[in-house]
Amino acid sequence: DQQVKQNSPSLSVQEGRISILNCDYTNSMFDYFLWYKKYPAEGPTFLISISSIKDKNEDGRFTVFLNKSAKHLSLHIVPSQPGDSAVYFCLGSSNTGKLIFGQGTTLQVKP
Amino acid sequence: DTEVTQTPKHLVMGMTNKKSLKCEQHMGHRAMYWYKQKAKKPPELMFVYSYEKLSINESVPSRFSPECPNSSLLNLHLHALQPEDSALYLCASSQDTRSNYGYTFGSGTRLTVV
């Protein structure tokens, strides 16, 4: 049972344009959602999170939108930079301490 | 110190060996986690420790044995592993299990079972 789904394995975007990464979830017990980014040979690093009671959270170039009725969230990166090229994971968090990863989307930002 | 340190970075072990993975943090976090990541797959939760007590075991085989000797240290003892256990093992910590934006991950131990 894939509780967090990232249906796009990869995304390629031109530098300076917007990157939109999508995520769907099935577990209604998630009360927080997080985005992490991962470079090869490194652990995942925290990017941005959103509470299930909010519909938007913004931090610099990164904005996460949550549509709770559709069980869908998205991460917008604007403007995209070549250094943003990495694997992006969407995660769902519940009050049990379980942090569930989506499959990841590999973002490539071309100069 | 804002890091989670995992040692060793790489480990090759035979199926009859006993080895341990170590994870350390000095951020005062009271929740620590072990994840397993196979190639081209997302990390999968194995264990959660909360205030040095095991709170979640995701039906992990007994050949993996976690231990939390104190609030800064988390070990994963390995015994009689199979080649399919080869993976990247990630440790993470957070202030507590309700810390929704403070999960810090280590760089992982790349384990190869031969």
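Above this text is the structure in question.
What counts and how
Each residue is numbered by its place in its chain's sequence as written, counting from 1. To label them, take the chains in the order written and letter them from A, then take the ligands in the order written and number them from 1. With the structure being a predicted model, the display of local features is reserved for residues of pLDDT at least 70 and the display and counting of side-chain atom pairs for 80 or more, all residues being used for whole-chain, interface and lining totals. Water and hydrogen atoms play no part in the side-chain values, which are based on all heavy atoms of the structure. Helix and strand assignments follow DSSP, with helices taken as H or I runs no shorter than four residues and strands as E runs no shorter than two, numbered in order from the N terminus. Atoms counted for the radius of gyration: C-alpha only. Globule rule: 2.2 Å times the number of residues to the power 0.38. The buried label goes to any residue with under 20% of its type's maximum accessible area, the exposed label to any with over 50%, and the partly exposed label to all in between, with areas taken from a 1.4 Å probe on protein chains only. What makes two residues a contact is simply this: any of their non-hydrogen atoms within 4.5 Å. Calculation of accessible area relied on Shrake-Rupley with a 1.4 Å probe; when residues are assessed, cover is drawn exclusively from the protein chains displayed. Positive charges come from Lys and Arg alone, negative charges from Asp and Glu alone, with His and the N- and C-terminal ends not counted. Throughout, a charge is located at the NZ atom of Lys, the CZ atom of Arg, the CG atom of Asp or the CD atom of Glu. Any pair of nitrogen or oxygen atoms within 3.5 Å is treated as a polar contact; in protein, a donor-acceptor pairing is required on top of that, and neighbouring residues in sequence qualify only through side-chain atoms on both sides. Strand pairing follows a simple DSSP-based rule, namely that at least 2 bridges must link the two strands.

A. Inspection of the overall build of chain B at higher detail. What chain B contains, in helices and strands, is 0 helices and 11 strands. Taken from the N to the C terminus, the helices and strands of chain B come in the order β-β-β-β-β-β-β-β-β-β-β. In summary, chain B has a C-alpha radius of gyration of 13 Å against a globular reference of 13 Å for 114 residues, a match within 12%. For chain B, the spread of C-alpha atoms along the three principal axes comes to 35 × 25 × 20 Å. Burial statistics for chain B: of 114 residues in total, 49% are counted as buried. A separation threshold of at least 6 residues defines the contact pool for chain B, and within that pool the share at least 24 residues apart is 55%. When the accessible surface of chain B is totalled, it reaches about 5600 Å², and 48% of it is carbon and sulfur. Between the averaged position of the 13 positive side-chain charges in chain B and that of its 10 negative side-chain charges there is a distance of 6 Å.

B. Main features of the environment of B:Met15. Residue and element names in this part refer to chain B. Tracing the backbone shows Met-15 in the loop between strand 2 (10-13) and strand 3 (18-25). Taking the C-alpha atoms as reference points, Met-15 and Pro-69, 54 residues apart in sequence, are found 26 Å from one another. Those residues in contact with Met-15, other than ones at most four positions away along the chain, are Ala-80, Leu-81, Gln-82, Pro-83, Val-113 and Val-114.

C. Representation of the environment of A:Ile77. All names here are of chain A. Here Ile-77 lies in strand 8 (residues 72-77). Sequence spacing of Ile-77 and Lys-37 is 40 residues, and the spatial spacing of their C-alpha atoms is 12 Å. Contacts of Ile-77, omitting those with residues within four sequence positions, involve Arg-17, Ile-18, Ser-19, Leu-21, Arg-61, Phe-62, Asp-84, Tyr-88 and Leu-107.

D. The arrangement of the side chain of B:Thr109 in detail. Checked against the element boundaries, B:Thr109 lands in strand 11 (residues 109-113). At 2.5 Å, the side chain of B:Thr109 forms a polar contact with the backbone oxygen of B:Pro8.

E. Highlighting the sheet that holds strand 1 (residues 4-5) of chain A. Residue and element names in this part refer to chain A. With antiparallel pairing, the 5 strands of this open sheet are ordered in space as 1-3-8-7-6. Two strands bound the open sheet, and with one partner strand each, they are strand 1 and strand 6 (56-59). In this sheet, strand 3 (residues 19-25) lies alongside strand 1 in antiparallel orientation, the contact comprising 2 bridges. Bridging from a neighbouring strand, Val-4 pairs with Tyr-25 of strand 3.

Just distances and angles here, no functional claims.
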